[in-house]
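Residues per chain are reported as follows:
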Amino acid sequence: MANWYVNGTTGNDGIASAADYALTSATKTVTKVGAFTTAYTYHAGDQIQVVTTGVLGHAVVGFYTIASKTNDTLVLTTDPTDGTNETGVTIVVGNDGTAAATSVGSLAGPYKTIATAIAAAATGDTINIAAATYSENGLSGMAKALTFTGADRTTTIISSTDTGIVIDSNSSVYDMTITGTLYGIRVGTNAAARSNIIVSNCALTGTTEEGFYYSGTSTGITNLLIENCTLDGANTGCLAGYIKGGTIRNCTMTKNTAYADSIHDLSALAIGGACAVENCTLTFSNNDAAQDDYVAGIIILGATIGTTRIRNCTISVTQLSAGCTGDVCGVYGANLGKVDVSNCTLTVTNANTGADTTYDFYNAGTAKITAANVKYNPSRIYGTFLNITPLRRNRPS
């Protein structure tokens, strides 16, 4: 498992190409079919990285030092093949002037863009991203199980006009800010099951959708951990989909919207069953007069899978439009196994005071909900509950 380095300020991606290089064994040369797509000036110690084995599989993947360059032909110090000429090879030309064997994408000679590092990385590798703002689209670590580590969540910033980054199972994201016009982080591109995902010390924003998004249904995510993060979205602050085992802790999740059409099922946090939400602040604010379905601080949907625990959380929901006819809820659950809420504060405000649509707890299905030491309005509960006890207060001495 290798480490790759990206620095948006001092890094250099070299010259990446499609599969259009020819390698000649006897002369140790690499020839571009057509001109280089980007002007390349040779520096002593520059290297190439052979990324693919070519059409027939004779190129040897690895790093090679350039001895000289004439027009679009590079002469290397060693043979980049197994002894047989090859065509259709993808390479990256280093442009850092260093002699280290791993100078392309190394700490001494980092890439400039995250996309180049992802392309070079293999399954299980780590991409270390220095402090800078990276305006990149289409970042995807699918099928590679990568770890992305920033310098700090206030200084390593990914800004995208679509989704900030797509990750797969066995992936981790640490210490960065990710903003996407759609999603901050998306898990997968389909509803397949995912597992072993960590997002830690990040700020995630989806300016039109979610900060964190997973599109799976009953397949679910297992072993998900989101901790010490802020998540913001116009649709849902954090939409984790169906979690069959995961923890969200020490996070702030916010949902703000003022959509001018009918929106359904909005929340600061939407999750499946069998997960834990601990020490979080969830804030929902909506100003959509056309809202005709429920909105909530937390929406819990899914099959009857395990127990969902919500502990030490502050949940605030505000519907600003008096024209809203949808239910406004603190915690909303349907078709669940068991929900255990403890040591929480629920505050629900609805501008539509004339409608009976405001609930601190709303049980729309067969969930077994218990709540202990919770600050809530006893007159604003709907459905069947096993037990709800109010917030305990210390007696004056």
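## Focus: the overall build of the protein chain
- Helix and strand counts for the protein chain come out as one helix and 35 strands.
- Burial statistics for the protein chain: of 397 residues in total, 51% are counted as buried.
- Pairs at least 24 apart in sequence give 67% of the contacts found in the protein chain among residues at least 6 apart.
- Carbon and sulfur atoms make up 51% of the accessible area of the protein chain, which totals about 15800 Å².

## Description of the pattern of salt bridges
- In this structure the tally under the stated criterion is four salt bridges.
- For the salt bridge of arginine 249 with glutamate 227, the shortest nitrogen-to-oxygen distance reads 2.9 Å. Here arginine 249, found in strand E22 (residues 243-249), pairs with glutamate 227, found in strand E19 (residues 221-227); they are 22 residues apart in sequence, far enough to count as distant.
- Overall, the relative accessible area of 30% leaves arginine 249 in the partly exposed class.
- Residue arginine 311 pairs with aspartate 340 through a salt bridge whose shortest N-O separation is 3.7 Å.

## Focus: the pairing of E19
- Here E19 lies mainly inside the structure; five of its seven residues are buried.
- Bridging between strand E17 (residues 194-206) and E19 involves six bridges; their strand directions are parallel. Considered in E19, the bridge of serine 200 is made with glutamate 227.
- The pairing of E19 with E22 spans six bridges and is classified as parallel. Bridge pairing in E22 places isoleucine 226 opposite isoleucine 248.

## Focus: the packing of aromatic side chains
- Applying the stated rule across the entire model yields eight aromatic pairs.
- Each ring, one from tyrosine 183 and one from tyrosine 213, has its centre 4.4 Å from the other, and the planes form 5°; the classification is stacked. Here the residue tyrosine 183 occupies a position in the loop between strand E15 (171-180) and strand E16 (185-187), and tyrosine 213 occupies one in strand E18 (residues 212-214), the gap between them amounting to 30 residues. Of the two residues, tyrosine 183 and tyrosine 213, neither departs from the other in class, the shared state being buried.
- Between tyrosine 359 and tyrosine 382, the ring centres sit 5.7 Å apart and the planes meet at 65°, which makes this aromatic pair edge-to-face. Here tyrosine 359, found in strand E32 (residues 358-363), pairs with tyrosine 382, found in strand E34 (residues 381-382); they are 23 residues apart in sequence, far enough to count as distant.
- Among the residues examined, tyrosine 382 registers a relative accessible area of 39% and is labelled partly exposed.
- The structure contains a cluster of three or more aromatic residues connected by ring pairs, namely Tyr332, Tyr359, Tyr362 and Tyr382.

## Observations regarding the confidence of the model for the protein chain
- Taken as a whole, the protein chain shows an average pLDDT of 80; of its residues, 77% reach a score of 70 or greater.
- When the elements of the protein chain are averaged for pLDDT, strand E2 (residues 15-16) gives the smallest value, 51, and strand E12 (residues 147-150) the largest, 97.
- Under a pLDDT of 50 for its full length, residues 258-264 has, in the predicted model, 17 contacts with residues more than four places off or in other chains.
- Within the model, pLDDT remains below 50 along residues 393-397, and this stretch shows one contact once partners closer than five positions in the same chain are excluded.

## What about unusual backbone geometry?
- Its identity as a non-glycine residue notwithstanding, lysine 28 has a phi of 55°, on the positive side.
- Mapping lysine 28 onto the fold places it in the loop between strand E3 (21-24) and strand E4 (29-32).
- What makes lysine 28 partly exposed here is its relative accessible area of 32%.
- A positive phi angle, near 55°, is found at asparagine 201, a position not held by glycine.
- Along the chain, asparagine 201 turns up in strand E17.
- A relative accessible area of 26% places asparagine 201 in the partly exposed class.

## Considering the nonpolar core
- Among the nonpolar cores identified, the biggest contains 68 residues, and Ile127, Phe148 and Ile310 are the most heavily contacted of them.
- Broken down by element, the residue count for this core peaks at five residues, all from strand E31 (residues 338-350).

## Observations concerning the pairing of strand E11 (residues 132-135)
- Side-chain alternation along E11 places Ala132 and Tyr134 on a buried face and Thr133 and Ser135 on a face that remains uncovered.
- Relative to strand E13 (residues 156-160), E11 runs parallel, the two sharing four bridges. In the strand pairing of E13, serine 135 is matched with serine 159.

Calculation rules
Residues numbered from 1 in each chain as written. Predicted model: local features only at pLDDT ≥ 70, side-chain atom pairs only at ≥ 80, totals over all residues. Heavy atoms only, no water. Helix = DSSP H or I, 4+ residues; strand = E, 2+ residues; numbered from the N terminus. Buried < 20%, exposed > 50% of the residue type's maximum accessible area, 1.4 Å probe, protein only. Contact = heavy atoms within 4.5 Å. Areas by Shrake-Rupley, 256 points an atom, 1.4 Å probe, with all protein chains shown as cover. Salt bridge = Lys/Arg side-chain N within 4 Å of Asp/Glu carboxyl O. Pairing = 2+ DSSP bridges. Phe/Tyr/Trp six-rings, centres within 6.5 Å; stacked < 30°, edge-to-face > 60°. pLDDT = per-residue confidence, 0-100. Core = buried A, V, L, I, M, F, W, Y, C linked by side-chain atoms within 4.5 Å.

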